[in-house]
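Residue-level structural notes
Here's the letter readout for the chains.
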Amino acid sequence: MFIDKAKINVKAGNGGNGAVAWRREKYEPSGGPAGGDGGNGGSVILKVDEGLRTLMDFKYKRHYKAEPGENGKNKKQYGRNGKDLILRVPPGTVIRDVETDLLIADLKENGEEVVVARGGRGGKGNAKFANSIRQAPRFAESGGHGEEVDIILELKLLADVGLIGFPNVGKSTLLSVITDAKPKIANYHFTTLSPNLGVVQVEDGDSFVIADIPGIIEGASEGIGLGHEFLRHIERTRILVHLIDISSQEGRDPIEDFHKINQELKKYSEKLSEKPQLVVANKIDIPGYEENLERLEEEVKKYGYDIVSISAVTKEGIKELEYKILEMVNTYEREELYEDISPELVYQKREKSNEVIVRKEGEIYIVEGYPIEKLVDSTNFDDIDSLRHFQEVLRVKGIIDQLRELGVDEEDIVNICGYEFEFFE
């Protein structure tokens, strides 16, 4: 089955918590703090594997989670970092962040990779909070949360040539003749359900990749048939090879077919309709094709396209076709589809969800946000040093100043992430 689109949820690993520990060694009766830092959580990474052709692996499993970091240990031992989770995708995979609707990456080359969810940072152990004044801190920092995001994967084939045309004009037969692909071939009047991909080896050693793109029928640009599902795959190709049944043996008019397919391309994408196109008149082995060929040649020349006539069945004209396609492939560069790829912008937008919000609701002042949650989780409110550290962080982050701007007075209630405190200067 050919799967070319998937929505998945990925969760990076949380960072490990810092440890509260003390030196307990012989002849060290007053050993100092010895709690180690927690390990960093593993990230979720998407990496290109040229051996893959579809997104099938993501059809039945939609949730992926990286390993968390290990908690810190005594004797200042750091926790182990969580392993990154590497998800392998085929070349031509485009990744979009669902929440921001921004493009994270367009992965094309084998081995190319991108981090889609970053692991949480490990928390500091109590050894890191010791100083000349606070010599025995009884608190440590909790690990950071790993990012959890929904992403959309969309596959756009990396073929050099897109083979287009109505069903039953001989695309599958042509593909089987010029490549090692084994498409199903029959007298179908409906479209093949998945793209067929093959490599054409020309006699002098050069080669190109060609894809038989199904789904292009009248109304395809509006999603009729499988049009919208597969038209995306020819956006990447260097050129289009437009195959037309020149025989009219099924009552079709070649001129009409030529215009209908091009109308669908233009409706779907103006860029697509402007791609270099080679028109191929197929089925010249059937008597009576000459008049249609002459008419089609006149029409095609109006648009500046070249035309080649062949028989996919008898292989007449096949070599000339291969060389003509190769010449065009070497002439035109593959167009870059996206210019707005910005993983850093995606990360910046995610960071906004980590902002600290200070507001007033009735008579109560409220402070909330993940950084403050993390601070609260790390605070031992029964320990004076830990409490002082908590207050100092609030001051350094400007939260005390924001509360003053909102009009906080002595003994007013301040709700900090669910905990209520009285405000005192």
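Let me sum up the structure you'll find in this document. None of these values were measured; they are calculated from a predicted model.

1. So, the overall build of the chain
- Each helix and strand in the chain was counted, giving 10 helices and 18 strands.
- Buried positions account for 49% of the 425 residues belonging to the chain.
- Long-range contacts, defined here as pairs at least 24 residues apart, represent 72% of the contacts in the chain between residues at least 6 apart.

2. Focus: the pairing of strand β18 (residues 419-422)
- Here strand β17 (residues 413-416) runs beside β18; their pairing, made up of 4 bridges, is antiparallel. Residue pairing across strands places V414 opposite F421, the latter belonging to β18.
- Turn length for the β17-β18 hairpin, with the two strands adjacent in sequence and antiparallel, is 2 residues, and the turn residue C417 shows positive phi of about 50°.

3. Some thoughts on the packing of aromatic side chains
- Under the criterion given, the structure shown has 9 aromatic pairs.
- Ring centres of Y303 and Y305 lie 6.3 Å apart, and the angle between their planes is 20°; on these two criteria the pair is classed as stacked.
- Plain terms: the ring middles of F381 and F390 are 5.3 Å apart, the flat faces sit at 80° to each other, and that makes the pair edge-to-face.
- Relative accessible area serves as the criterion here: at 27%, F381 is assigned to the partly exposed category.

4. Section: the environment of P91
- Mapped onto the fold, P91 is located in the loop between β4 (85-89) and β5 (93-97).
- Filtering out sequence-adjacent residues up to four positions away, P91 remains in contact with V48, D49, E50, L52, R53, L107, K108, L155, K156 and L158.

5. Quick look at the layout of surface pockets
- Estimated volume of the largest pocket: approximately 850 Å³.
- Taken together, 30 residues line the largest pocket, and the ones lying closest to its centre are G144, H145, N354, Y370 and K374.
- Going through the elements one at a time, β8 (148-155), α7 (343-351), α8 (370-378) and α9 (384-396) are the ones with two or more residues in the lining of the largest pocket.
- Element by element, the count of residues in the lining of the largest pocket is highest for α8, at 5 residues.
- Residues belonging to the lining of the largest pocket are distributed by class as follows: 8 nonpolar, 10 polar and 12 charged.

Rules used in this analysis
Residues numbered from 1 in each chain as written. Predicted model: local features only at pLDDT ≥ 70, side-chain atom pairs only at ≥ 80, totals over all residues. Heavy atoms only, no water. Helix = DSSP H or I, 4+ residues; strand = E, 2+ residues; numbered from the N terminus. Buried < 20%, exposed > 50% of the residue type's maximum accessible area, 1.4 Å probe, protein only. Contact = heavy atoms within 4.5 Å. Pairing = 2+ DSSP bridges. Phe/Tyr/Trp six-rings, centres within 6.5 Å; stacked < 30°, edge-to-face > 60°. 1 Å grid on protein atoms, 1.4 Å probe; cavity = no way out; pocket = protein on both sides within 12 Å on 5 of 7 lines; lining within 4 Å. Points joined across faces, edges and corners; volume = space filled by probe spheres on them. Nonpolar A, V, L, I, M, F, W, Y, C, P; charged D, E, K, R; others polar.

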